[in-house]
Each structure stands twice: as structure tokens, then as C-alpha cells.
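# Commentary on secondary and tertiary structure
In case you want the letters, here they are:
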Amino acid sequence: MTNSSPVVMVTGASRGIGLAVARRLSSPSTTLIITYQNPQSSHLMSASGELSRLNASFEAWRWSGESEEQTSKAVSEIISRHARLDVLVNNAGLNKDSLAVRMTEDNFRRVIDVNLVAVFNWSKSAAKVMMKQRSGRIVNLTSIVAFTGNPGQVNYSASKAGVVALTKTMALELASRSVTVNAVAPGFIDTDMTRAMDEKVREALLAKVPMGVIGQGSDVAEAVAFLVSPAASYITGQTIHVNGGMYM
């Protein structure tokens, strides 16, 4: 981060890993902006209350990244209000699981749109600002399944693998302007999605984790916090794996 009052944006931060990241990056001297989809969600109300207690400069916006027009308008609004954008964390994601032979084209495209196209749109819009500033950090949330694959998640795995490639290419394009682009790949993390799994499935997954414990959102948040810190100023185009040794 480049100044004493950084502007930090985290997409999809009303719960789970996104909320953990927002919580970790929140501070009284930071302008924190989160995006959400459902304005009636109890998760949003809970997250807003928690983040407001942590950070006086907190804003929640119902913005979607699937439209480049909307991301461009959203970033313009941020610049109009705050004059800069220092950090973008692309966390918002979606899964619609099914075996490949049963998956509909609509469900394949929908996951690609939310998990990959939106990352491109937000990153492109933010990059234009960060290039002018000659400073900035972009961190993209990918997944262990981008590297291992996972039965029933051909759409999700493909979208997250695309995020890794996008991260590397944008890192090359933005490096000369002192803008870094990195990714974090969570493994088996305690979220609403994993809590909803059948107990036997959870036990089978946990058996594959050498450290023998499920990860927490805070574990992922610490990796993100490192990548947006001055300590990571010479790191770009990389993926940090947070998985307890599940994939090496």
C-alpha cells in the first residue's frame, strides 16, 4: 500500500473468505469497500455491523463484475469519492456443481462469467487507475482445484485455472508501472459451502490434508494481507497455496 490512507476493495465480502479478508485489511486509517449481491442477506447485515465496528471508513456496494460497463462505473465512483484505489481483492465466486456429462451449458457459462470474466473486468478497470498512480496491488482468489481438478466441478476448476493464467499475464503487463498481480489458492477451508457437505465427504477431504485440520478464512486472509503489504513489493505473478499441504 502506498499511502497512509489506502483505499481497499474486496469483492464478495459479505461472508466466508471474503469477509475474513475484509476484516483483516480493515483499519481506522483504511477506506474499505466491499461488494455484495443480495441486499436482503442476513450475512450482509452481520458483515456490515462487524466491519463498521472495526473501521469507521467502511462502504458496501451492490456491484457486479460481470459487466465491464458496471465495473468501469464503479471504479470511477471510487475515484470520484476517494481519489485513488490501492488494493483490489477479487474474491467473489460461484459454484454450480455437476458431472461434466450432465452439466448444462448455462451452468458452465454462468460460473465462468462470475469467477473469471468478472475478475477480468474488475482487474481491467482497477488497472487503468493503478497504472496512472504507478502503484497498486491486485490479488485474485483462485482454488486448489485449478491445479488438481475435482470431479463435479469442471466449470469451477476451469474458471479458477483461468484466474491463474490471467494473474500471470496481467502481472507481466503491469509490472513496469509498479502494480503487482498475485493469486491465493485456498484448499479445504471452513466456509458455508464446506459445512454443507455430507459428513463422509468432509472426512474424506480432511484425510487428504497432511496437517490434519481444516483451514480457516483467516489463514487465507493472512496470505492476502502479505501480498498487499510493502513486504511483497517484489512479488508478482505468483500463486500462494493455503491448503495445509493438500497440494504441493
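Our structure's up above, just so we're on the same page.
Now for a description of the structure that goes with this document. (Residues numbered from 1 in each chain as written. Predicted model: local features only at pLDDT ≥ 70, side-chain atom pairs only at ≥ 80, totals over all residues. Heavy atoms only, no water.)

### As for the pattern of salt bridges
A side chain of one charge can pair with a side chain of the opposite charge when the charged atoms of the two come close. Test applied: Within this document, salt bridges are pairs made up of a side-chain nitrogen of Lys or Arg and a carboxyl oxygen of Asp or Glu, the two lying within 4 Å of each other. For the purposes of this entry, the term helix denotes a DSSP run of H or I that reaches at least four residues, the term strand denotes a run of E that reaches at least two, and both are numbered from the N terminus. Think of it in three bands: residues with accessible area under 20% of the maximum for their type are buried, residues over 50% are exposed, and the middle band is partly exposed, with areas taken using a 1.4 Å probe on protein chains only.
Applying the stated criterion across every chain yields a total of eleven salt bridges. For the salt bridge of Glu-77 with Arg-81, the shortest nitrogen-to-oxygen distance reads 2.7 Å. Here Arg-81 and Glu-77 lie together in helix H3 (residues 68–82), a separation of four residues that amounts to about one turn. Residue classification places Glu-77 among the partly exposed positions, given a relative accessible area of 29%. Under the relative-accessibility criterion, Arg-81 is labelled partly exposed at 46%. In this structure, Asp-192 engages Arg-195 in a salt bridge whose closest nitrogen and oxygen atoms are separated by 2.6 Å. With Asp-192 and Arg-195 both in helix H7 (residues 192–195) and three residues apart, this pair spans about one turn of that helix.

### Overview of the nonpolar core
We count it as follows: What we call a nonpolar core is a set of buried Ala, Val, Leu, Ile, Met, Phe, Trp, Tyr and Cys residues that are connected through their side-chain atoms within 4.5 Å. Every residue pair with non-hydrogen atoms within 4.5 Å of one another is taken to be in contact.
Formed by 29 residues in total, the largest nonpolar core has its most connected members in Val-10, Val-21, Leu-25, Leu-32, Val-89, Val-184 and Val-224. Only strand E1 (7–10), helix H1 (16–25), strand E2 (31–35), helix H2 (42–54), strand E4 (87–90), strand E5 (136–141) and helix H9 (217–227) provide two or more residues apiece to this core. Beyond its immediate sequence surroundings of up to four residues, Val-10 is in contact with Gly-18, Val-21, Ala-22, Leu-25, Leu-32, Ile-33, Ile-34, Thr-35, Val-89 and Asn-91. Within the second largest apolar cluster, 23 residues are counted, among which are Ile-33, Val-75, Leu-88 and Ala-126.

### Some points on the side chain of Asp-86
Spelled out, the test is: Polar contacts, as counted here, are pairs of nitrogen or oxygen atoms within 3.5 Å of one another; within protein the pair requires one atom able to donate a hydrogen and one able to accept it, and residues that are adjacent in sequence qualify only if both atoms are side-chain atoms.
Along the chain, Asp-86 falls in the loop between H3 and E4. Only 2.9 Å separates the side chain of Asp-86 from the side chain of Arg-84, close enough to count as a polar contact.

### Some remarks on H2
Applied cut-off: To estimate the expected span of a helix, count its residues, drop one, and scale the result by 1.5 Å. Think of it as the arc spanned by the lines of direction from the helix axis to the C-beta atoms.
A rise of 1.5 Å per residue sets the reference length of H2, with its 13 residues, at 18 Å; its end C-alpha atoms lie 19 Å apart and thus fit the reference within 8%. All of the buried residues in H2 are Leu-44, Ala-47, Ser-48 and Leu-51. The buried residues of H2 occupy one face: seen down the axis, they fall within an arc of 105 degrees. In this structure, H2 carries Met-45 and Arg-53 as exposed residues pointing more than 90 degrees from its buried face. Check the buried side of H2 and you find it contacts H1, E2 and strand E3 (58–61).

### Focus on the environment of Ile-235
Assignment of secondary structure puts Ile-235 in the loop between H9 and strand E7 (239–242). Taking the relative accessible area as the measure of exposure, Ile-235 reaches 26% and is therefore partly exposed. Residues Ile-235 and Ala-175, 60 residues apart in the sequence, show an inter-C-alpha distance of 9.9 Å.

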